[in-house]
Amino acid sequence: MARKTIEIEVDEHGAFNGSELKAQGVLSYDQPLLATATARSAITYIDGEAGILRYRGYPIEQVAEQMHFLQVAALLHDGELQKDDALRDAVFGAEVDRDRIAAVVQSFPEGSHPMAILIAGFAALGASHPEAKDVKNGEMRKQFFPIVLAETLELGAQAIARHAGVKSGQADGDTYARRFVRACGGAVDTSRGDEALDVFGKALDVLFVLHADHELNAGTNAMRAIGSAETDMYSSLCGAAAALYGPLHGGANEAVLRMLTEIGSLDNVADYIERVKKHEVLLYGFGHRVYKNYDPRATVIKGVVDEVLAVAGENPLLAIAQELERIALEDEYFVSRKLYPNVDFYSGIAYRAIGFEPAAFTVLFAVARTVGWLCHYDELMSGDFKITRPAQVYIGSGARDLP
Ligand code: SDX
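Residues numbered from 1 in each chain as written. Predicted model: local features only at pLDDT ≥ 70, side-chain atom pairs only at ≥ 80, totals over all residues. Heavy atoms only, no water.

**Some details on the environment of Ser-191**
- Looking at where Ser-191 falls in the secondary structure, it is placed in the loop between helix H8 (176–183) and helix H9 (193–211).
- Note on Ser-191: relative accessible area 62%, which makes it exposed.
- At 2.5 Å, the side chain of Ser-191 and the side chain of Asp-189 are in polar contact. (Helix = DSSP H or I, 4+ residues; strand = E, 2+ residues; numbered from the N terminus. Buried < 20%, exposed > 50% of the residue type's maximum accessible area, 1.4 Å probe, protein only. Polar contact = N/O pair within 3.5 Å; in protein donor to acceptor, adjacent residues only side chain to side chain.)

**Brief notes about the pattern of salt bridges**
- Scanning the model with the defined rule gives 21 salt bridges in all.
- A salt bridge links Arg-141 to Asp-378, with the nearest nitrogen and oxygen atoms 2.5 Å apart. Of the two residues, Arg-141 is situated in helix H7 (residues 138–164) and Asp-378 in helix H18 (residues 361–381); the sequence distance between them amounts to 237 residues.
- Measuring nitrogen to oxygen at the nearest pair gives 3.3 Å for the salt bridge that ties Arg-275 to Glu-262. Taken together, the residues Arg-275 in helix H13 (residues 269–277) and Glu-262 in helix H12 (residues 252–263) connect sequence positions 13 residues apart.
- Of the residues examined, Arg-275 reaches a relative accessible area of 26% and is grouped as partly exposed. (Salt bridge = Lys/Arg side-chain N within 4 Å of Asp/Glu carboxyl O.)

**So, the sheet that holds strand S3 (residues 58–59)**
- The strand order S1-S2-S3 describes an open sheet built from three strands, whose pairing is antiparallel. Taken across any chain shown, the strands that pair with only one partner, and hence form the sheet edges, are strand S1 (44–47) and S3.
- Here two bridges tie strand S2 (residues 52–55) to S3, and the two strands are oriented antiparallel to one another. When the sheet's bridge partners are listed, Arg-54 is paired in S3 with Pro-59. (Pairing = 2+ DSSP bridges.)

**What about the domain arrangement of the protein?**
- Segmentation of the protein into domains returns domain 1 (52–246 + 360–381) and domain 2 (252–353).
- Relative placement of domain 1 and domain 2: their C-alpha centres are 26 Å apart.
- Interface area for domain 1 against domain 2, summed over the two sides, is near 1900 Å², with a carbon-plus-sulfur share of 70%.
- Counting across the domain 1 and domain 2 interface gives zero salt bridges.
- Inspection of the region where domain 1 meets domain 2 yields six residue pairs in polar contact (both at pLDDT 80 or more).
- Only S2, helix H2 (60–66), H9 and H18 provide two or more residues apiece to the side of domain 1 that touches domain 2. (Domains from an automatic or database assignment. Buried area = accessible area lost by both parts, 1.4 Å probe.)

**Observations regarding the pairing of S1**
- Every second residue of S1 is oriented toward a common face, the buried set being Thr-44 and Ile-46 and the non-buried set Tyr-45 and Asp-47.
- Hairpin connection of S1 to S2: four residues between the antiparallel strands, including Gly-51 at a positive phi of 65°.

**Re the site of the ligand**
- By nearness alone, 24 residues border the ligand, and His-214, Leu-248, His-288, Arg-297 and Arg-369 come closest of all.
- Taking His-214, its side chain carries an N or O atom lying 2.6 Å from an oxygen atom of the ligand.
- A distance of 2.8 Å separates a nitrogen atom of the ligand from a polar atom in the backbone of Leu-283.
- Against a free-state accessible area of 1100 Å², the protein chains account for coverage of 74% of the ligand. (Near = heavy atom within 4 Å. Areas by Shrake-Rupley, 256 points an atom, 1.4 Å probe, with all protein chains shown as cover.)

**Thoughts on the packing of helix H4 (residues 86–93) against H7**
- Packing of H4 against H7 leaves a shortest axis separation of 8 Å and a crossing angle of 55°. With respect to H7, the element H4 is oriented oblique. Between H4 and H7 lies a crossing of right-handed hand. Contacts between H4 and H7 involve Leu-87, Ala-90 and Val-91 from the first element and Phe-145, Pro-146, Leu-149 and Ala-150 from the second. (Axes fitted to C-alpha atoms, helices over the stretch in contact; angles between N-to-C directions. Parallel < 35°, antiparallel > 145°, perpendicular 65-115°, else oblique. Left-handed = near helix turned anticlockwise from the far one by under 90°. Contact = heavy atoms within 4.5 Å.)

**Here we look at helix H6 (residues 114–127)**
- Taking 1.5 Å per residue as the helical rise, H6 with its 14 residues ought to reach 20 Å, and the 20 Å between its terminal C-alpha atoms agrees with that figure.
- Counting buried positions over the 14 residues of H6 gives ten, a clear majority of the element.
- What H6 keeps buried is the set Pro-114, Met-115, Ile-117, Leu-118, Ile-119, Gly-121, Phe-122, Ala-124, Leu-125 and Gly-126.
- Those residues of H6 that are buried lie in contact with helix H5 (98–106), H7, helix H11 (233–245) and H18. (Expected span 1.5 Å × (residues − 1).)

So this is what it looks like as C-alpha cells:
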C-alpha cells in the first residue's frame, strides 16, 4: 500500500473517533493501547505527568485520609459522596454462601496460589447466580454490587487461608478490612493483640482505598472488554483478576517482596541496580505506563508502612527498599526513563508487617480492585457500546493452495 497523508479532526478531549481512520482506509497499530482510549469514563482521573489521581474528582490524598473503603466504594459506584452507611450495611448484611465458596476453595491443594483460587471462585459464584446474566438490568447490577463485595471478601480470605493451609475465620468487625483480616483465620498472625489489630485494620483499609480503582489499567480494560460481549459480571471478574495476576501488573507487589528478599542486604543493592541497567532484571515496584512522576499512592503508602512498622517492629527489607529508591531517584538510567516507585513498591512491606504471606498480596489488591472493576462494568452496561473486537495488521502468508 502506498504511503498516504490523512487529515482527522480531534475533539476537546484531544481524541478522535477511531472509525474515522477506517473510513479513510487506514489502521492505528497500538498493541499496548498507549494512545488508544477504549472508554469514556467519569470514575477516576489520572494526570501521569503531574502525579495526580482523583476518585470522582476528589484527590486521592484527601480520600485516603478521610474516607473508609466502603464509603469510597459507594462514591466510585454512585458518583457522589454518600450521607449514610447504606452500602456498608448492605455488604455486612449480604447473604454469602460460605459453603459454596469453601467447596471451590477446598478443591485446590493446600499451598495453591490464592489468585488462582480467586479466579476459579469468581467463576463458581457466577454459576450460582444465573440472574447476573441479565447484564443490561441496572437494578440487578445495583443489587449485586454489595453482594459481590461481600462474596469477594469471603472468597479472598478463604483463598489466602487455603494457601496457608489453615482454617479460614468468621468475617467479624466494624470495617471491611477488619472483617477481612478475621476471615483470613490463622493465615494472618493476630497474636499481637487488639491494639495492633486496630492499627493493622486501619492500615489495610487505607491500602484498600488506594487500590480501589485506577482507570483503564490492564485488569480493568479486560473487565470492560469481556463485559462488551454482554458476559455476566462474575465471568468478567475472572478475566480482570487474571490480568491483575501478572507480575507486570498487580502481581508486582509479591514480586517486590521476592526481589527485596533476594537482594537480602544493603551491600547487594548496587549490584542489583547494575543488573537492572543491563536489562537482566526488572526493578519491580518501579515505573508506570501513566505516572511519569511519583505515584501519589506510593507516597501515602510510605506513611502507612511507618504506622504499621511502629507496631509490628522493624523490617530489614524496608532499608533495602529505601536504598533502592534513593539510588534510582538519582541515577540517570531511571531519571531519564522517568521511573519512580509505584503503588506496589512499598505496599508489600505493609502487607507483610500486618502478617500476610507474599502470595496473598495480589489477592489483597484484587479484593480492593473488585470495586473498580464492578464500577467500570456498570458504567459500560449503562451506556451504548459494541463488542470489543480490535483490527489486526496481517503480516502472514498470502493465499496459497495445499499441495
Ligand atoms: C500496576 O496501569 C495501571 O494503572 C496499573 C496499576 C493499577 O493501579 O492498576 O497502577 C498497578 O500494575 C503498577 C505497575 C506494577 N508493575 C511493576 O512494578 C513491574 C515493573 N514495572 C515495569 O514492568 C513497567 O514499568 C510497567 C509495566 C509498569 C510499565 O511499562 P511500560 O509503560 O510499557 O514501560 P516500558 O516497558 O516501555 O519502559 C520504558 C523503559 C524501558 O527501557 P528502554 O527499553 O527504553 O531501555 O523503562 C524501562 C524499560 O526497560 N523500565 C524498567 C522498569 N520499568 C520500565 N527498567 C527496569 N525496571 C523497571 N521496573
